[in-house]
Each structure stands twice: as structure tokens, then as C-alpha cells.
Amino acid sequence: MGTEASSRFDTDMLRRGIEGPIAEVLLSLYAEDAEIRIVDRNTQPSHPMVVHGRNQIAEMYDELSGREMTHKLERCVVQGDEAAYSESCEYPDGVRVLSESMLSLRDGKIVEQTMVQAWDE
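Parameters and conventions
Residues numbered from 1 in each chain as written. Predicted model: local features only at pLDDT ≥ 70, side-chain atom pairs only at ≥ 80, totals over all residues. Heavy atoms only, no water. Helix = DSSP H or I, 4+ residues; strand = E, 2+ residues; numbered from the N terminus. Rg over C-alpha atoms; globule rule 2.2 N^0.38 Å. Buried < 20%, exposed > 50% of the residue type's maximum accessible area, 1.4 Å probe, protein only. Areas by Shrake-Rupley, 256 points an atom, 1.4 Å probe, with all protein chains shown as cover. Lys, Arg positive; Asp, Glu negative; His and termini not counted. Charge placed at Lys NZ, Arg CZ, Asp CG, Glu CD. Phe/Tyr/Trp six-rings, centres within 6.5 Å; stacked < 30°, edge-to-face > 60°. Polar contact = N/O pair within 3.5 Å; in protein donor to acceptor, adjacent residues only side chain to side chain. Pairing = 2+ DSSP bridges. Axes fitted to C-alpha atoms, helices over the stretch in contact; angles between N-to-C directions. Contact = heavy atoms within 4.5 Å. Salt bridge = Lys/Arg side-chain N within 4 Å of Asp/Glu carboxyl O.

(A) Region of the structure containing the overall build of the chain. Helix and strand content of the chain: four helices and six strands. Across the chain, helices and strands are ordered from the amino to the carboxyl terminus as α-α-α-β-β-α-β-β-β-β. In terms of overall size, the chain behaves like a compact globule, its C-alpha atoms giving a radius of gyration of 14 Å where 121 residues would be expected to give roughly 14 Å. By the burial criterion, 36% of the 121 residues in the chain qualify as buried. Carbon and sulfur atoms make up 49% of the accessible area of the chain, which amounts to about 7,600 Å² in all. With 12 positive and 24 negative side-chain charges, the chain shows a spacing of 4 Å between the two charge centroids.

Okay, structure coming up:
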């Protein structure tokens with residue numbers, strides 16, 4: 001029983017980390033060898049931004065959590081060793097960001113994430 005509980009992806013922790021935002025909480029959801037691929041207007045599918053490992057992921061989330069903006073987990077679906085979630089964000093000036101993420105999981109931790117994000121222009 002203990003193994004099954006520790007191998008499940010913690011969606012409540014994902015919500016706390018995103019809506020906190022608390023970079024340490026989000027970081028705890030990633031495996032040491034995790035990789036995030038980010039696709040947006042500036043980093044298009046043929047040349048996505050790629051963040052490797054928990055150290056680089058920590059730097060990314062530290063920078064993001066320093067921005068003045070709100071974050072909301074809109075929806076999260078987990079099925080086996082895969083998950084997907086939608087996140088909406090808003091800056092104080094009203095600019096909005098929407099991101100969609102697909103996750104590959106191992107032992108309840110994120111090992112691969114592909115994030116597609118769009119910003120108001």
C-alpha cells in the first residue's frame with residue numbers, strides 16, 4: 001500500500017505550487033532528470049526552449065515566482081503514467097497567459113513536460 005500511495009501524482013500539491021506560487025512545492029513534483037520543453041511565440045515547435053534537470057527547473061520557477069501575477073490551475077487530468085493540466089495567469093495590467101501541459105510520470109514524479117503557452121498581445 002505504501003508504494004502505491006507514493007507513486008501517485010499529487011494533483012493537490014500541483015495546485016498549491018501553481019496557485020501559491022511556491023517554487024519549492026512545484027519543484028518537488030519533478031524527478032532529478034526531468035525535462036521541460038516550452039513552445040510559444042518566441043520558442044516555436046522546431047526550436048523549443050528546453051530546461052534540463054531539477055536545478056535548471058528550479059531556476060525557471062524561481063524567476064517565474066518573482067513576477068507579480070496570479071496563477072490558477074484550471075484543470076488537471078491524470079491517467080496512469082501521464083497527466084495534463086491547464087493553467088491561466090494574469091498580470092496586474094490585465095495581460096493574460098494560458099498554458100497547456102502534457103506530462104510523463106515515473107513513480108509519481110514528472111520526467112517530461114511539454115508546455116504550450118499563449119500570451120495576450
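Still more to cover.
(B) The arrangement of the packing of aromatic side chains in detail. Tallied over the full model, the rule gives two aromatic pairs. Pairing Tyr30 with Tyr61 gives two aromatic rings, centres 5.9 Å apart and planes at 45°, and the pair type is tilted. Placement of the pair is Tyr30 in strand β1 (residues 30–39) and Tyr61 in helix α4 (residues 53–65), with a sequence separation of 31 residues. Judged by relative accessible area, Tyr61 falls into the buried class, the value being 6%.

(C) Region of the structure containing the environment of Glu90. Secondary-structure assignment places Glu90 in strand β4 (residues 82–90). Separated by 26 residues in sequence, Glu90 and Leu64 have C-alpha atoms that sit 13 Å apart. Among the polar contacts listed, one links the side chain of Glu90 to the side chain of Arg96, at a separation of 3.3 Å.

(D) Summary view of the sheet that holds strand β3 (residues 70–79). Spatial ordering of the open sheet is given by β2-β1-β6-β5-β4-β3, a layout of six strands whose pairing is mixed. The two strands at the open ends of the sheet, each matched to only one other strand, are β2 (49–52) and β3. Neighbour-to-neighbour, the strand axes of the sheet open up by a mean angle of 15°, direction not taken into account. With nine bridges connecting them, β4 and strand β5 (residues 96–106) associate as antiparallel partners. The residue of β5 that forms the bridge with Glu82 is Ser104. Strand contacts of helix α2 (residues 11–19): β3 and β4, with the helix running at about 160° to β3, the strand carrying the most contacts. With respect to the sheet, α4 is in contact with β1, β2, β3, β4 and β6 (109–119), its orientation differing from that of β1 by roughly 55°.

(E) Spatial organisation of the pattern of salt bridges. Inspection of every chain in the model, using the stated rule, returns seven salt bridges. Arg15 is paired through a salt bridge with Glu19; the nearest N and O atoms lie 3.0 Å apart. With a gap of four residues between them, Arg15 and Glu19 both fall in helix α2, about one helical turn apart. Judged by its relative accessible area of 37%, Arg15 is partly exposed. Look at Glu19 and you get partly exposed, because its relative accessible area is 33%. Among the ionic pairs, Glu121 bridges to Arg41, the shortest N-O distance being 3.2 Å. On the criterion of sequence distance, the pair formed by Glu121 in the segment after β6 and Arg41 in the loop between β1 and β2 is long-range, its members being 80 residues apart. Residue classification places Glu121 among the exposed residues on the basis of a relative accessible area of 75%.

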